[in-house]
Amino acid sequence: MESLSGRKKVLEQKPMNFMERIYLPAIFKGMAITFMHMFKKKETIHYPEQEREFSENWRGMHSLKRDEQGKERCTACGLCALSCPAEAITMISAEREKGEEHLYREEKYAAVYEINMLRCIFCGLCEEACPKEAIYLDGPIVPADFLRKDFIYGKDKLVEMPINELEALKAVTH
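Calculation rules
- Residues numbered from 1 in each chain as written.
- Predicted model: local features only at pLDDT ≥ 70, side-chain atom pairs only at ≥ 80, totals over all residues.
- Heavy atoms only, no water.
- Disulfide = S-S within 2.5 Å.
- Buried < 20%, exposed > 50% of the residue type's maximum accessible area, 1.4 Å probe, protein only.
- Helix = DSSP H or I, 4+ residues; strand = E, 2+ residues; numbered from the N terminus.
- Contact = heavy atoms within 4.5 Å.
- Polar contact = N/O pair within 3.5 Å; in protein donor to acceptor, adjacent residues only side chain to side chain.
- UniProt positions renumbered as here; feature names shortened; annotations may be inferred.
- Salt bridge = Lys/Arg side-chain N within 4 Å of Asp/Glu carboxyl O.

## Describing the state of the cysteines
Step number 1: Inspection of the entire model under this criterion finds zero disulfides.
Step number 2: With no disulfide partner, Cys 74 has as its closest neighbouring cysteine sulfur the one in Cys 80, 6.2 Å distant.
Step number 3: A relative accessible area of 12% places Cys 74 in the buried class.
Step number 4: Classification of Cys 80 as buried rests on a relative accessible area of 7%.

## Remarks on the environment of Asp 138
Step number 1: Its place among the elements puts Asp 138 in the loop between strand 4 (135-136) and strand 5 (152-153).
Step number 2: The exposure class of Asp 138 is partly exposed, given its relative accessible area of 44%.
Step number 3: Sequence separation between Asp 138 and Gly 60 is 78 residues, and the spatial gap between their C-alpha atoms is 5.1 Å.
Step number 4: Leave out the neighbours within four places in its chain, and Asp 138 touches Met 61, Ser 63 and Lys 65.
Step number 5: Separated by 2.8 Å, the side chains of Asp 138 and Lys 65 make a polar contact.

## Here we look at the UniProt feature "binding site: [4Fe-4S] cluster 2" (unreviewed entry) in the protein chain
Step number 1: Per the UniProt record, the feature "binding site: [4Fe-4S] cluster 2" (unreviewed entry) sits at Cys 84, Cys 120, Cys 123 and Cys 126. On the basis of their most widely separated C-alpha atoms, the annotated residues across 43 residues gather in one place, lying no more than 10.4 Å apart.
Step number 2: Tracing the backbone through its elements, the reader meets Cys 84 in the loop between helix 3 (79-83) and strand 2 (89-95).
Step number 3: Summarising the element assignment, Cys 123 is placed in the loop between strand 3 (108-116) and helix 4 (125-129).
Step number 4: Excluding its chain neighbours within four sequence positions, the residues that come into contact with Cys 123 are Arg 59 and Pro 85.

## A word on the pattern of salt bridges
Step number 1: Per the counting criterion, the structure on display carries seven salt bridges.
Step number 2: One salt bridge connects Glu 68 with Arg 73, and the closest N-O pair in it is separated by 3.8 Å.
Step number 3: Under the relative-accessibility criterion, Glu 68 is labelled exposed at 61%.
Step number 4: A relative accessible area of 16% means that Arg 73 is categorised as buried.
Step number 5: Here Glu 106 ties to Lys 132 by a salt bridge, and the two come within 4.0 Å at their closest N and O atoms. One end of the pair, Glu 106, is in the loop between strand 2 and strand 3; the other, Lys 132, is in the loop between helix 4 and strand 4, with 26 residues separating them in the sequence.
Step number 6: In the salt-bridge network here, residues are joined through shared partners; they are Lys 65, Asp 138 and Glu 160.

This is the structure in structure tokens:
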């Protein structure tokens, strides 16, 4: 049968000589490679005791930022959810009530903000799309878990602590 492209290549197999038939050179070559690897630096990192160094553009877990006054920056515009190719972000917006001026910057805020970490591909498009610089992928590694529902992170896990609470926590620990 002739090939469709007309560029047929005929392969010729030459017979093996005696050394190739007994496979000893190939066995010794494989053993030499194995022996050389025994003296190389080990690539394994023992995780709990040692942490891997990450590059500058590494993307970790999401975090919702606060401004200098401790107010949430997110104004529930929904651009992060629209830009997410994996559709991992869901949010429900709400209007700010009287007396909540110290919590939120604008009249509209994200009442529910959830990220499904099993769907997230850590592409960073949500970070780029946010006009208020409210979301960053600067957190630690997403911890392992056993249940799927534990990988849906809400505002309780995503919003960073206010600066005054963080300073009080540092003062207590030191």
